[in-house]
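So the chains spell out like this:
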Amino acid sequence: MIKAKKKFGQNFLNDDVILNKIIQSMPKDDLKVVEIGPGLGDLTKKLLQHKKVVAFEIDDDLCQILKSNFDSFIKKGQLDLKCKDVLQYWENKNLLEYKYNLIANLPYYIATRIILKLLKDDNCVNILAMIQKEVAEKFCATYNNRNFGAISIITGLVGKSDILFDISPEHFTPSPKVTSSFLKIEKKKELVGRSGVFQNDNELLRFERYLRTCFLAPRKTLRKNLLSYDKDIITSCFDTFGIELNTRPHQLSPTKYLKIFKKVEDERKKTEETVRKQQTTSQNNKRKNFKQRTHSFGKTRPAAQKNETWYKELEKSIQSNKQIQQQRVYPMNFKAPSSNERVKITPLGGLGEIGGNMMVMETNTSAVIIDVGMSFPDDEMHGVDILVPDFSYLRKIRNKIKGILITHAHEDHIGALPYLFKNNDLKFPIYASPLPLGMIANKFDEHKLMQAKKLFHPIQKRKVYKIGDFEVEWMHITHSIIDASSLAITTKAGTIIHTGDFKIDHTPIDGLPTDLHRFAYYGDKGVLCLLSDSTNSYKPGITKSESSVGPTFDTIFSKAKGRVIMSTFSSNIHRVYQAISHGIKHGRKVAVIGRSMEKNLNMAMELGYIELDNKIFIDAHEVNKYNDKDVLIVTTGSQGESMSALFRMATDQHRHIKIKPTDQIIISAKAIPGNEASVSKVLNYLFKSGADVAYQDFSEIHVSGHAAQEEQKLMLRLVKPKFFMPVHGEFNHIHRHKQTALKCGIPETNIFLMSDGDQVEVTQKYLKKVGSVKTGKVYIDNQINKQIENDVVIDRQKLAEAGIISVIAQIDKSTNKLIGKPKVLSYGIVPDKEMKSFAKDVEDILDQLLINSKKEVLQNQKAVENSLRQAVRKHVFRKMKKYPTVVPTIFIL
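What comes next is a walk through the structure.

Side note on the overall build of the chain
Regarding its fold elements, the chain presents 31 helices and 30 strands. Residue burial in the chain is summarised as follows: out of 893 residues, 50% are buried. For the chain, the computed accessible surface area is about 45100 Å², with 49% contributed by carbon and sulfur atoms.

Quick word on the sheet that holds strand S14 (residues 495-498)
Spatially, six strands are ordered S11-S12-S13-S14-S15-S22 in an open sheet, and the strand pairing comes out mixed. Each edge of the open sheet is held by one strand with a lone partner, namely strand S11 (464-467) and strand S22 (721-727). Put simply, the sheet's adjacent strands are angled 20° from each other on average, direction ignored. Relative to strand S12 (residues 470-477), S11 runs antiparallel, the two being bridged by four bridges. For Val464, the partnering residue across the bridge sits in S12 and is Glu473. Contacts from helix H26 (residues 709-719) reach S12, S14, strand S15 (527-533) and S22 within the one sheet, and its direction differs from that of S15 by about 165°. Contacting S15 and S22, helix H27 (residues 731-743) crosses the sheet at an angle of about 155° to S22.

As for the pattern of salt bridges
Going through the model one piece at a time under the given rule, you end up with 23 salt bridges. For the salt bridge of Arg395 with Asp425, the shortest nitrogen-to-oxygen distance reads 3.0 Å. Taken together, the residues Arg395 in helix H16 (residues 392-396) and Asp425 in the loop between helix H18 (417-421) and strand S9 (430-432) connect sequence positions 30 residues apart. Residues Lys453 and Asp445 are paired through a salt bridge, measuring 2.8 Å at the closest nitrogen-oxygen approach.

With respect to helix H19 (residues 434-446)
Counted at 1.5 Å a residue, the expected span for H19 with its 13 residues is 18 Å, and the 19 Å between its end C-alpha atoms agrees. H19 sits mainly inside the fold: ten of its 13 residues count as buried. Along H19, the residues that are buried comprise Leu435, Pro436, Leu437, Gly438, Met439, Ile440, Ala441, Asn442, Lys443 and Phe444. Where H19 is buried, its residues meet helix H17 (411-414), H18, S9, strand S10 (456-458), helix H22 (573-585) and helix H23 (595-606). Following H19 by one or two positions, Lys448 adopts a phi angle in the positive range, close to 60°.

Details of the side chain of Glu362
The residue Glu362 is located in strand S5 (residues 358-362) in this model. The class for Glu362 is buried, based on a relative accessible area of 3%. Polar contacts involving the side chain of Glu362 include one to the side chain of Tyr393, which spans 2.5 Å.

What about the layout of surface pockets?
To find the voids left in a structure, one rolls a probe of water-molecule size over its atoms. A volume near 260 Å³ is recorded for the second largest pocket. What lines the second largest pocket is a set of 14 residues, and nearest its centre among them are Phe391, Tyr419, Asn423, Val778 and Gln787. Of all the secondary structure elements, the ones that give two or more residues to the lining of the second largest pocket are H16, strand S25 (777-781) and strand S26 (786-788). Looking at side-chain class alone, the lining of the second largest pocket contains six nonpolar, four polar and four charged residues.

With respect to the side chain of Arg563
Among the structural elements, Arg563 can be located in the loop between helix H21 (549-559) and strand S16 (564-567). Reaching out from Arg563, the side chain makes a polar contact with the backbone oxygen of Lys658 at a distance of 2.6 Å. Polar side-chain contacts of Arg563 include one of 2.7 Å to the side chain of Asp663.

A few points about the environment of Tyr766
In this structure, Tyr766 sits in the loop between strand S23 (758-762) and strand S24 (767-772). For the pair Tyr766 and Lys722, spaced 44 residues apart in the sequence, the C-alpha separation amounts to 9.5 Å. Discounting residues that sit within four places of it in the chain, Tyr766 has contacts with Arg342, Phe723 and Glu761. Reaching out from Tyr766, the side chain makes a polar contact with the side chain of Glu761 at a distance of 2.6 Å.

As for the packing of H21 against H22
Running from N to C, H21 and H22 cross one another at 40°; their axes reach a closest spacing of 10 Å. As judged from the angle between their axes, H21 and H22 are oblique. In this structure, H21 meets H22 at a crossing whose hand is right-handed. Where H21 approaches H22, its residues Val549, Gly550, Phe553, Asp554 and Phe557 are matched on the opposing element by Arg575, Gln578, Ala579, His582, Gly583 and Lys585.

Some thoughts on H23
If you check H23, its first and last C-alpha atoms are 16 Å apart, about what twelve residues at 1.5 Å a residue would give, namely 16 Å. Taken residue by residue, H23 has Met597, Asn600, Leu601, Met603, Ala604 and Met605 as its buried positions. Along its buried surface, H23 packs onto H19, H22, strand S17 (589-593), strand S18 (617-618) and strand S19 (631-635). Looking one or two residues beyond H23, the residue adopting positive phi is Gly608, at roughly 85°.

Description of the packing of aromatic side chains
Two descriptors summarise a pair of aromatic rings, namely the distance from one centre to the other and the angle between the planes of the rings. Evaluation of the coordinates by the stated rule reveals eight aromatic pairs. Relative to Tyr311, the ring of Trp310 lies with its centre 5.5 Å away and its plane at 90°, an arrangement referred to as edge-to-face. Looking at Tyr311, the relative accessible area reads 13%, which means it is buried. An aromatic cluster is built from Phe421, Phe444 and Phe456, whose rings are joined through pairwise contacts. For the cation-ring pair, Arg518 lies above Tyr521, with the distance from its terminal atom to the ring centre recorded as 4.4 Å. In this structure, Lys768 is placed above the aromatic ring of Tyr766, and the distance from its NZ or CZ to the ring centre is 4.7 Å.

Let's talk about the sheet that holds strand S4 (residues 343-349)
Across the sheet, eight strands lie side by side as S10-S9-S8-S6-S5-S4-S23-S24; this open sheet has mixed pairing. Either end of the sheet is taken by a strand with one partner, and the two such strands are S10 and S24. Strand-to-strand twist of the sheet, defined as the mean angle between neighbouring strand axes without regard to direction, takes the value 25°.

Section: the environment of Glu865
Here Glu865 shows up in helix H31 (residues 861-880). For Glu865, a relative accessible area of 8% puts it in the buried group. Considering only alpha carbons, one finds Glu865 and Thr889, 24 residues apart in sequence, at a separation of 6.7 Å. When neighbours within four sequence positions are excluded, Glu865 is seen to be in contact with Pro888, Thr889 and Ile890.

A few points about the packing of H26 against H27
Where H26 contacts H27, the axes come no closer than 10 Å and their chain directions differ by 55°. For the element pair H26 / H27, the angle class is oblique. As for the relative orientation of H26 and H27, their crossing is right-handed in sense. On the side of H26, the interface is formed by Gln709, Gln712, Lys713, Leu716 and Arg717, while H27 contributes Arg736, His737, Thr740, Ala741 and Lys743. A class-by-class count of the residues in the contact of H26 with H27 yields two nonpolar, four polar and four charged.

What counts, and where the lines are drawn
Residues numbered from 1 in each chain as written. Predicted model: local features only at pLDDT ≥ 70, side-chain atom pairs only at ≥ 80, totals over all residues. Heavy atoms only, no water. Helix = DSSP H or I, 4+ residues; strand = E, 2+ residues; numbered from the N terminus. Buried < 20%, exposed > 50% of the residue type's maximum accessible area, 1.4 Å probe, protein only. Areas by Shrake-Rupley, 256 points an atom, 1.4 Å probe, with all protein chains shown as cover. Pairing = 2+ DSSP bridges. Axes fitted to C-alpha atoms, helices over the stretch in contact; angles between N-to-C directions. Contact = heavy atoms within 4.5 Å. Salt bridge = Lys/Arg side-chain N within 4 Å of Asp/Glu carboxyl O. Expected span 1.5 Å × (residues − 1). Polar contact = N/O pair within 3.5 Å; in protein donor to acceptor, adjacent residues only side chain to side chain. 1 Å grid on protein atoms, 1.4 Å probe; cavity = no way out; pocket = protein on both sides within 12 Å on 5 of 7 lines; lining within 4 Å. Points joined across faces, edges and corners; volume = space filled by probe spheres on them. Nonpolar A, V, L, I, M, F, W, Y, C, P; charged D, E, K, R; others polar. Parallel < 35°, antiparallel > 145°, perpendicular 65-115°, else oblique. Left-handed = near helix turned anticlockwise from the far one by under 90°. Phe/Tyr/Trp six-rings, centres within 6.5 Å; stacked < 30°, edge-to-face > 60°. Lys NZ or Arg CZ within 6 Å of the ring centre and 35° of its normal.

The values are spatial; any link to function lies outside them.
Spelled out as structure tokens, the structure:
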């Protein structure tokens, strides 16, 4: 086999060069097959003009050539259909079914000849057995008006293979002859289709010829289909009259044919009667040996009953219900695309991490930002308090941005807003429900951004707002903070649901459960894409209700003999409210300590989300005026923040509160990933003070605000999206959420796992990544509310990891020698007791450097300092495998 290939788009050889190379390598007498790759249709024509060629190729070029030139090629002897080697090649390459589809697209007389050639070759039986039912049906349906070709091929398949295809008669409705033939095959297919019925090609041809005779006989009686008769019976009956099977119709009289047919019919009836008796005997034996159950389970209904009106209506109802259920569960799959509009979704934070949530959704002319949150630094980011997203991409599209949509008031969703608004060119309208806006207002006051509050737009839930090209509805959702929302964003491309952070709490503290009806409403209309919270995707079951914390509080308060100090997230107003309620129940005064806790609680009370009597509150300096058992302290610091009130209490740095052994501490929060070490440090301080600490050892001292797997499934089933993108969490979280979505029937091809910076385009036809943008984090010092430049953080990391060396020396300009001994200081390199020896090493390095350096180099202070820096770094690395920061100061005198 000669294989000529030409890579698409690489014209390193033209057709004539390839043609000459192939012709030169051809055997002079015969060339069996040339396989031509895509794009060489003209070369195929030239080859067919030169030699006798069998040519098959993967694309459609050759099919077109064969359709138009087949007869002329046959007449000229240029095309030989010896194609067993070709099919064997296809079989090895797993291309057989695809090739048969190509054959089925050829004219019937070409396809018939090709397949009949294969049927005549016993070595091709295994290849033919690989033909799938669908391919056979397609082929037969294509040629249902071509009786000879279809009958010949099906007959050959019956004789050559164990397979008898379940081809339904409707494929041959236009041809009564073929229809009746296949009806007979269906009834008696157990008598035919056995492997080895035909022993050689001659028998196959004789039987095929006889079948043609039956189909074309002018008399009605002879139109009977004999395919259902065993081949041995037919042969035996013909031999009885001394007539060969391949005798033509005009050579025998009709009477003779009728006698043959009667004989065949009699023999067939005898055979059937014998088979029936054998079956009856077998059934009787079974009845004797086994007890037969008399119930009708699994039995087919009588045909007469199936024709009754009620049964037909029943079948119609079943089909209708199937369709209705499919449309109910997957509504978008039954809607033809009505728009070519597209929406681009770009996460700038919150994916591949916990916190820092921020996302941009845009059309060609408009864009909106969903949340602007902060995140916490890791242990290597020295002096960094919080991280905010990189706003570079927002600056590029600022003219398109029509507003900022806020889902809820947690720091990881609103904490970066002040730093965004410190850029004068990045101030946009903020749309949010009242509590988030109130907490954002507190932040803006703290950052002296009071004028920015003019851009606030309080929203009403269940009301649609037109914002640029987007129609947005805020839908109530339960979470670990009051007044959380999900977003239904409708565009010309379709509706996109963004859940925000959520859980499905049926018994929330304020009695306002998740607005499941709105999710179901949009789900029935059809949702193009769902973006859903993945934080708790590993947790099975459901997340417990916030109200489940109350009984635990009650138990702890009832047993506490001294002060109760409760710490939680300052934004978790319902948790704080529950603690205060149980404190009041047990007769305790409440001291709220911590600036963010005070502001958030005051805001919730001012806006009417909770109701508390101001008389129950006392200031921090008043705590010592009351008995310990009459005091509840609600404070911040559940994440171990070094400047939080709880941390300062634990380390005796707080002005008014010191931890006592009789104190009952409640840390009603779970450590955010990355904060585990800080929380552990606070716990150690508290335990050293002798206090009793209730933390994660209490099963319900804290409940999550994020949905577990069953709640995520409920959201998927309510919304019924066509496309799905899990958000909010590290990559392993969104990957696990994907597995949950697959169980809920979302096709894997309709799910995309995003990372920060990915630009994903969604239309009614597809969901795909189309690009990426710059993302990252900006470091913030929260004590001064200002950004820390990247190089400062990097320098801090280097200093912490490798230390610093300072070298101060004087060089005599005339002699190029040291004036006195250099002063060497190091931090984080060697202990004090080895400092003298280390300083001597540095002095020797400097002496050697002065000896080996050129005179003109020693006249340049910067050049000497750089050389010394490199030499000292190499020396330290050889001894300690560290690359310290070296700060040389050289004076040339």
